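# Fold and geometry: a report
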Amino acid sequence: MEQEIELSKSAGARHADDGPRPVSGSLRFQILGPLRIWRDDVELSAGPRQQGHLLALLLARAGRPISVSNLIELLWGEDAPTSATNVIHKYVGTLRRLMEPSLPLRATGSYLRRHGGGYLFAPGPGTLDLVRFRELTSAARASLALRDRDRALDSYVEALELWRGPAGDTYASGSAATSIFAALDREFLDVCVSATELAVSLNRSGRVLQPLRLAASMAALNEPVQASLISALGAAGHQAEALKVFRTVRSRLREDLGIDPGKTLEAAHRHVLTQATAEADAGQGQTVDRLPPEPLVRPAQLPPDLPTFVGRTEELATLSALRSGLGGTGRTGPLIVALDGMGGVGKSTLAAHFAHLVSGDFTDGQLYLDLRGDQTSDESVSAGDAVGSLLSSQGVHVSSIPETLAARVGTFRSLTASKSILVLLDNASDCAQVRSLLPNSPESLVLVTSRKPLVELAAIDGAHLLHLDPPDMRTARELVRRRLVSAPNRAMAGFSSPADILDEIIELCGRLPLALAILAGRLSARPRLALADVAAELRDGTQRLAAFSSSHSVRDPRAAFAWSYRQLSPDAARLFRLSSAAMAPGLSAAASASLSEQSPGVARASLRELADAALLDEDDKGRFTSHVLVKAYAQELFLTHEPAADRAAATTRLLQHYLHSAYRAAIVLAPERPIVAPSPAPAGVAPEQPTAYDEAMRWFEEHREVLPEAVRRAAEGDFGIAGWQLALSMQQWLRRSGRFHDWQDVMHVALASASDRGDQVGAAHVMCSLADSSSHLGAHEEALDLISSAQQIFAEHGLLAEQGVVHSTLHRIHTQLGQHRRALEENERALALNRAAGIEHCEIWASAAQGRSLVRLGALDAAMSCLEEALTRSEKSESTTDEADIRISMAECLSAMGDQHRAVEHLERAVDMAAEAQDRIGVFEASILLCEAHLCLDEVPGACRAWRQACDAMHAMQNGGTRNMRDKVCDMGDKLTEVTEFCPRSEDTQR
């Protein structure tokens, strides 16, 4: 469905003469407005709408990868077709050829690069206007830091002139990608406001009027932008136009939103009116006097610094760096830093510590207010009471504090104008509680702590967000040590117990400072309490939080988590309880949907809510995990609020999710090797469905820790899940990625489970897999015993296809043992059984296996005939996963015939195909043979490259590959050393 890319049809090619073009270069892109592309000054079309949309997304995220799954969601949302992945690959290929017409087929090119499971656009110097815009705005800020305001304004204006309209133009609306383009527009709007403030202060507001008018047209209800336009027009002498803009905006706000203009717009309006009045008064010889505010008592309200404070080096460095930029020119409001994190992580402690470190820099005092946002809504401090408290702190008498919130806020801002004040707002519940408490001074610093990230405060007020995680182990140890430094001798003796016990206790506390502080208090109060007893108490996950409970009203972790839990919606609260049933290392959004019986959209919304509440944390792979103590709290709720039947059903749904998702991924990896299909997924389970080979391999890689745990969970409980089916679904991935020991471990668990439950057929399937993995590890006798037991069971049950698998496995084992005639006999039996069972792909396997054995027996012509037949059949089939192995065998045959050149060709192709299939064993085997073939041709550089390639493939496997592989690498390294000065690395040749 690929469509040709055509040049624009205006005179064959339309030149960009209606606005500033991207910076010079052979290929240039515009995303700051309508999407446009030029090559050698000739404008190109981006092609069909969806193809253009894809390019616009990649340009908007220039330098940052977007996964294919995210691209699908951004382009199609819930309506993605089954061919979405292939469509994206097709679009990328077409765009690459558009950008670089001479690019060879399937080459990556210079711009659209593959990155992990997705793509990124790598802009060259001067190729993308967005990059240039950000360079210029950074240069402007750097000039402001150096107090070169004229140069800063020049950079700002040059940056703003790059914008031609809303970013992405028609691609920016009506899709899931709207927020990406809107974020670019916000960059433009923010720079417009900053540039206007600078231009007005330099009396050169006319320079920013054109981009300001564009910004105002793009954001008709954005008050800072409209206020900037009003200010710039007034400063440029266009008071009438400025007043007209104000009236228009005021009318829109009232009609569209039902609100009056905010303080920013009102202030700009008053300023324009004042300018007009001042000009009139100046004409009559009058002057206007303004009285300065009355001086206030210097407050010093910070809570005491914690004497045992330790660590947080990186966070303190970040805070210091932000503080050092407070005096830079161009700032019109206070520096705001909002610290967020889970309850008990130490936000208040860090904020108070840093506040004390810099308190001397704020000559007009320090204000502190506990907003009690971690309490119930009745107990938290209202905005009106909070402002009233701050006014009292500034020396305003209670009788003089205004009644309304708006009046109180206005008074507070008037009192703090041009002051140098530090404000610490602790335990904020949301942005609305904070915004009324911001001082009206660019010389001030505001520190805010909150359980959840105050995104709105960052978006509207320019706050810097700083997330706090629990400290590292070293800091956690020092925290406990400092807490115990004054404890009785027995406590200190306990502290000197073996380090592994203390470290275990710290990890069982999740390194949470609040938990460690409470535990240190217990040890100080009970000096005879041994650390081993504390560790034993903490090991029971269902009772772990009881170790921190107290009858003395001490705020413990459970109370901290309970507040966050009570704020959740019913859907998020239920998912939080069920999340305690998750297996390490965490839940994906898809698994969460099956666990909770929610739709994917509702599950994602619940996960976002839990992440905002700091009850779950999302990692870089999209998995959601919880702190060890938070999980213990979720488990308490799970056991208390969920009936036993519901608990079992939730775990069953989760295991079914992994079973059916793994099965579908396994079918994609090896459609020609069908495995036993599980029973249909029960209602509420929505398995993941990888459709492409890369997606299936990536799915297994992302779940490499979860799946073995799921097999163990299925083996331990009565959840109606056959653990051996899940284990077998992992086999092809485990083999191709070289995870031999994981392969053995998971199959041993599955075999024990099947045997305990009397499932003979399931046990036989696992025995076949174990025999295969054992033969790779050189345990051939063990493999033969296992396969013999499996053969007997399959024969008793009359399972033909399974018996075919047995004999195919026996062929491989006897081949490794050098018993090639016996291997041929086993292959013939396998072929007959597979034909009888109707296995279509068996002819390819049989021909390849026969050829492989004949090569070893010296029947080279017959071997080549079999292998060529297998290769022909493989190339005609939909699956090409066997082709690399066939070519390796052909290369062995050709080498034996003395045709090393053709052998090299087949081996190089085999390496490429195995690498594409992410088959590390195939890459290794082909590379080792390629090294030997190059040596036979005296092509030493090629041999060295192939040897290192084999080393890389081997080291990428679990435990550095098998002993047999290491021996091959060492032997080949010795041969290379004999013929050249090449010296293998010691780690590559270590046996």
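Up top is the structure.
Keep in mind it's a predicted model, so treat the numbers as computed, not measured.

Cut-offs and rules
Residues numbered from 1 in each chain as written. Predicted model: local features only at pLDDT ≥ 70, side-chain atom pairs only at ≥ 80, totals over all residues. Heavy atoms only, no water. Helix = DSSP H or I, 4+ residues; strand = E, 2+ residues; numbered from the N terminus. Buried < 20%, exposed > 50% of the residue type's maximum accessible area, 1.4 Å probe, protein only. Contact = heavy atoms within 4.5 Å. Areas by Shrake-Rupley, 256 points an atom, 1.4 Å probe, with all protein chains shown as cover. Salt bridge = Lys/Arg side-chain N within 4 Å of Asp/Glu carboxyl O. Polar contact = N/O pair within 3.5 Å; in protein donor to acceptor, adjacent residues only side chain to side chain. Phe/Tyr/Trp six-rings, centres within 6.5 Å; stacked < 30°, edge-to-face > 60°. Core = buried A, V, L, I, M, F, W, Y, C linked by side-chain atoms within 4.5 Å. Pairing = 2+ DSSP bridges.

## Some points on the overall build of the protein chain
If you tally the helices and strands in the protein chain, you get 44 helices and 13 strands. In the protein chain, which comprises 991 residues, the share counted as buried stands at 50%. Counting contacts in the protein chain only where the partners sit at least 6 residues apart, residues at least 24 apart contribute 66% of the total. Of the roughly 44400 Å² of accessible surface on the protein chain, 49% is carried by carbon and sulfur atoms.

## Points about the pattern of salt bridges
Tallied over the entire structure, the rule returns 39 salt bridges. In this structure, the salt-bridge partner of Arg623 is Asp619, at a minimum N-O distance of 3.1 Å. A relative accessible area of 12% places Arg623 in the buried class. With a shortest N-O distance of 3.4 Å, Arg812 and Asp772 are connected by a salt bridge. On the criterion of sequence distance, the pair formed by Arg812 in helix H35 (residues 800-816) and Asp772 in helix H33 (residues 760-776) is long-range, its members being 40 residues apart.

## Details of the side chain of Arg451
In this fold, Arg451 is placed in the loop between strand E10 (445-450) and helix H16 (455-461). At 2.8 Å, the side chain of Arg451 and the side chain of Ser564 are in polar contact.

## A word on unusual backbone geometry
Unlike most non-glycine residues, Arg511 shows phi in positive territory, near 60°. Along the chain, Arg511 turns up in the loop between helix H19 (499-508) and helix H20 (513-525). The backbone phi angle of Glu597 is positive, close to 60°, even though this residue is not glycine. With respect to the helices and strands, the residue Glu597 is situated in the loop between helix H24 (589-596) and helix H25 (600-612).

## Description of the packing of aromatic side chains
One pass over the full model with this rule turns up eleven aromatic pairs. Pairing Tyr111 with Phe121 gives two aromatic rings, centres 6.1 Å apart and planes at 20°, and the pair type is stacked. Here Phe121 lies in strand E6 (residues 118-121) and Tyr111 lies in the loop between helix H3 (84-99) and strand E5 (112-115), a separation of ten residues in the sequence. For the pair Tyr111 and Phe121, a shared accessibility class is recorded, and that class is buried. Taking the centre distance of 5.9 Å and the plane angle of 45° together, the rings of Tyr565 and Phe576 count as tilted.

## Here we look at the nonpolar core
Counting residues in each nonpolar core, the largest one holds 179 residues, and the members touching the most others are Phe576 and Phe700. Those residues in contact with Phe700 that lie beyond four places of it in its chain are Ala662, Ala665, Ala666, Leu669, Leu707, Ser729, Met730 and Trp733. In terms of nonpolar packing, the next biggest core, distinct from the first, is built from 83 residues, Leu75, Leu198, Val245 and Ala268 among them.

## Focus: the sheet that holds E6
Spatially, the three strands line up as an open sheet ordered E4-E6-E5, and their pairing is antiparallel. Sheet topology places strand E4 (66-67) and E5 at the edges, where each strand pairs with a single neighbour.

## Focus: the environment of Leu71
Checked against the element boundaries, Leu71 lands in helix H2 (residues 68-76). Judged by its relative accessible area of 0%, Leu71 falls in the buried class. When the C-alpha positions of Leu71 and Thr85 are compared, they lie 9.0 Å apart, and in sequence the two are 14 residues distant.

## Thoughts on the environment of Asp469
Checked against the element boundaries, Asp469 lands in the loop between strand E11 (464-467) and helix H17 (473-483). With 124 residues separating them along the chain, Asp469 and Val345 place their C-alpha atoms 6.7 Å apart. Filtering out sequence-adjacent residues up to four positions away, Asp469 remains in contact with Arg312 and Val345. Of the polar contacts made by the side chain of Asp469, one reaches the side chain of His467; its length is 3.0 Å.

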